[in-house]
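# An overview of the molecular structure
Residue-level listing of the chains:
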Amino acid sequence: MNFISTRGNEKVTGAQAVVRGIAGDGGLFVPEFFPAVTEDEIAELCAMDYAERAAFLLAKYFDEYDYDGLLSACREAYAKFEGEDPAPLLKMDNGMYMLELFHGPTCAFKDIALTVLPHLLKKGCELTGVKENILILTATSGDTGKAALEGFRDREGVKICVFYPEEGVSKMQRLQMVTTDGDNVNVVAVRGNFDDCQTAVKKIMNSAEKREELKGKGYLLSSANSINIGRLLPQVVYYFSAYCDLLSSEQIKMGQKVDFAVPTGNFGNILAGYYAKRMGLPVGTLLCASNKNCVLTDFFKNGSYNIKRPFFRTMSPSMDILVSSNLERLVFELAGRDAELTASRMHALSETGKYSVRAEELKEMRENFYAGCTSEADTVECIYDFFMDYGYPMDTHTGVAMSVARRYEAMREDDKDAEKRPLIVISTASPYKFPQDVLYALTGNDVKDSYKGVKRIHLLTAMKVPEVLKEIRYKPPRFKTVVPTDKIYDEVLKFLS
Ligand SMILES: *Cc1c(COP(=O)(O)O)cnc(C)c1O
């Protein structure tokens, strides 16, 4: 299978797409077509464990990778998760389910892909004959950073440098990042918000001059952000896996449609669901849930993407994003894969801060997605209500999805013609990763100390505290550098010297 750029005629292999991260024309790599998964194959997947499901689906895209290598990489990756199943599906009530994706090494769903990406990259370097070391630059709103650091630390031939907004991550997220072990890692705080970080990193990635300079030092640039197709495709797996789990437990029949509610920031998580649908998974509606930064909700409402608006810091920091990178991949599909049109829209976005899609594209968006956003107060209330009703504590990002899910369900109940469909809410982080905000939602109490929050949530909910969060409590921070956005590249050079 080849991969093409959303902005031009560039065509590369899967290995090249993963190694380069972003196309030379600034576009994102997408598969040349969506490989079909038949009902028979879905039935086959049901008999497999998660790692086998992952290898089976990844092999459809990465067909030049050897299958046994993919399978052993997936086994190794998902063995790092706590518990038997890396993506357990919990039945709540009334056709509603939680898909828990936070049992990995850093307690957020980013682990699902970032535990597999190092293999895709290493093998990709072999397949493409890359001799240089790989330098991974990552902008993070909190969870990607730690997951990428854990995925790549102490991997031979790789260095990784993570940039996070100084004021834009939770205390626990920061602690996780700055205590990372390994000689090949670096973590830098940036004065600015996530969009500033992401834009500055993308600028380096897109600069031929800087790439050359780094090449002279023996490094090839790549990305662990979800602009890398190697981040996106492993996420397709949990949509199929959840569907199989519903089939296996006879909650649905083959072919029956299922809805998913997805807390969204950079549009990677939900785009993977759209890819799953295009591959043939019976997906009904994908609920695109946003926090107060409702740029995506407005886009799905009126077809105009406009980032000229205030940026809010919320208690779901991993979704505090205005420039949602992966939306480019959806817009490319909507435009009938017209790369020229996509390029001109993305150009307009960076020049004027906005672009619009045509009426028929908007119609197609509405056929596949339902978008909604929530206020901080709604999210808090939803977390509290859900705990009172089901005894289930959820994190603040999942709370956003649940809040939108409830609104959607109420809307469908009012609509007599709407068929009843199971709804799977994607639970993206452990509540212990955002202990202060979760404790506030559950009790109305504020605590200053993260671990006091952890302890109280534990006493209240009896939910197990992840070992990895206990371990870092007294670990001294290794990284303390704070820089303005225009000094990011200097930090990269310092790190390499
Ligand atoms: C990254 C993240 C999201 C949003 O995922 P995108 O792929 O950026 O849309 C939601 N919840 C949590 C906890 C995250 O870390």
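The structure we're discussing is the one just above.
Okay, so let's go over this structure. (Residues numbered from 1 in each chain as written. Predicted model: local features only at pLDDT ≥ 70, side-chain atom pairs only at ≥ 80, totals over all residues. Heavy atoms only, no water.)

### Focus: empty space enclosed by the protein
Note the threshold: With a 1 Å grid laid over protein atoms only, a set of points is called a cavity when a 1.4 Å probe fits there but cannot get out and a pocket when it is open yet has protein on both sides within 12 Å along at least five of seven lines; lining residues have an atom within 4 Å of a point. Grid points are joined across faces, edges and corners, and a volume is the space filled by probe spheres set on the points. What counts as a helix is a DSSP run of H or I of at least four residues, what counts as a strand is a run of E of at least two, and both are numbered from the N terminus. Only Asp, Glu, Lys and Arg are considered charged in this grouping, and only Ala, Val, Leu, Ile, Met, Phe, Trp, Tyr, Cys and Pro are considered nonpolar; every other residue, Gly among them, is considered polar.
Under the defined criterion, the tally for this structure stands at three cavities of 30 Å³ or more. Of the voids in this model, the largest cavity is the one considered here, and its volume is about 260 Å³. As for the largest cavity, its lining consists of 24 residues, of which F109, K110, G265, N266 and S318 are closest to the centre. Elements with a contribution of two residues or more to the lining of the largest cavity: α7 (143-152) and α12 (268-279). A per-class count over the lining of the largest cavity returns eight nonpolar, 13 polar and three charged. Considering only enclosed or pocket space, the second largest cavity measures out at about 50 Å³ in volume. Looking at the second largest cavity, the residues that line it are A139, Q198, V201, K202, M205, S223, N225 and I227. Broken down by element, the residue count for the lining of the second largest cavity peaks at four residues, all from helix α9 (residues 194-205).

### Re the environment of A429
Relative to the helices and strands, A429 resides in the loop between β15 (423-427) and α19 (435-443). Along the sequence, A429 and D143 sit 286 residues apart, while their C-alpha atoms lie 8.9 Å from each other.

### So, the pairing of β15
Applied cut-off: For every residue, the accessible area obtained with a 1.4 Å probe (protein chains only) is divided by the maximum for its type, and the residue is called buried under 20%, exposed over 50%, and partly exposed between those limits. Any two strands are treated as partners once DSSP identifies two or more bridges connecting them.
Burial analysis of β15 places five of its five residues in the buried class, the great majority of the element. Relative to β15, strand β5 (residues 96-100) runs parallel, the two sharing five bridges. Bridge pairing links M98 to V425 in β15. Here strand β10 (residues 258-263) pairs with β15 via three bridges, running parallel. Looking across to β15, one finds that A261 is bridged to V425.

### Remarks on the pattern of salt bridges
Put simply, the rule reads: When a carboxyl oxygen of Asp or Glu is within 4 Å of a side-chain nitrogen of Lys or Arg, the pair counts as a salt bridge.
Evaluated as defined, the whole model comprises 30 salt bridges. R75 is the salt-bridge partner of D49, the closest N and O atoms lying 3.1 Å from each other. With D49 in the loop between α2 (39-46) and α3 (50-61) and R75 in helix α4 (residues 67-79), this pair connects stretches of sequence that are 26 residues apart. Accessibility expressed as a relative area gives 36% for D49, which makes it partly exposed. Each of E82, K464, E467 and K470 takes part in a single network of salt bridges with overlapping partners.

### Overview of the site of the ligand
Rule in force here: One heavy atom within 4 Å of a molecule or strand makes the whole residue count as near it. Counting of polar contacts relies on pairs of N or O atoms within 3.5 Å, with two restrictions inside protein: one atom must be capable of donating a hydrogen and the other of accepting it, and residues adjacent in sequence are counted only when both atoms are side-chain atoms. We get accessible surface area from the Shrake-Rupley algorithm with a probe of 1.4 Å; when it comes to residues, only the shown protein chains can shield them. Cavities and pockets are treated as containing a molecule whenever more than half of the molecule's atoms lie within 2 Å of their grid points.
Around the ligand there are 15 residues in total, and K110, D143, G265, N266 and N269 lie nearest to it. In this structure, N266 approaches the ligand through a main-chain N or O atom, which is 2.7 Å from an oxygen atom. Within the contact set of the ligand, an oxygen atom lies 3.1 Å away from a backbone nitrogen or oxygen of F267. Protein chains shield 98% of the accessible area of the ligand, which is 380 Å² for the free molecule. Put simply, the ligand lies in the largest cavity. Taken together, the residues of the shell around the ligand break down into five nonpolar, eight polar and two charged.

### Thoughts on the packing of aromatic side chains
Heads up, the rule is: The pairing test for Phe, Tyr and Trp rings, Trp by its six-membered ring, is centres within 6.5 Å, and the orientation test on the planes gives stacked under 30 degrees, edge-to-face over 60, and tilted for anything in between. The criterion for a charge sitting over a ring is simple: Lys NZ or Arg CZ within 6 Å of the ring centre, and within 35 degrees of the ring normal.
For the structure on display, the rule yields 18 aromatic pairs. Between Y50 and Y78, the ring centres sit 5.0 Å apart and the planes meet at 85°, which makes this aromatic pair edge-to-face. Remark: Y78 occurs in helix α4 and Y50 occurs in helix α3; sequence separation between them is 28 residues. Each of the two residues, Y50 as well as Y78, counts as buried. Aromatic rings pair up to connect F267, Y274, F299, F300, Y305, Y355 and F369 into one cluster. Residue placement shows K159 over the ring face of F495; its charged tip is 5.1 Å from the ring centre. Above the face of the Y489 ring, K210 is positioned so that its terminal group lies 5.0 Å from the ring centre.

### A word on the pairing of strand β4 (residues 89-93)
The pairing of β4 with β5 spans four bridges and is classified as antiparallel. In the sheet register, K91 faces β5, and the bridge partner there is Y97. Counting the residues between successive antiparallel strands, the hairpin from β4 to β5 contains two residues, one of them, N94, with a positive phi of roughly 55°.

### Overview of the packing of α2 against helix α11 (residues 229-248)
For the record, the criterion: Axes here refer to lines fitted to C-alpha atoms; in helices the fit is confined to the stretch in contact. Angles between the N-to-C directions go from 0 to 180 degrees. Roughly parallel refers to an angle under 35 degrees, roughly antiparallel to one over 145, roughly perpendicular to one between 65 and 115, and oblique to any angle outside these ranges. Residues count as neighbours in contact if any of their non-hydrogen atoms are within 4.5 Å of one another.
Viewed as axis vectors pointing N to C, α2 and α11 meet at an angle of 80°, and their least axial separation amounts to 9 Å. Overall, the two elements α2 and α11 adopt an arrangement that is roughly perpendicular. Between α2 and α11, the residues in contact are I42, L45 and C46 and F240, Y243, C244, L247 and S248, respectively. Here the contact of α2 with α11 is composed, by residue class, of seven nonpolar, one polar and no charged.

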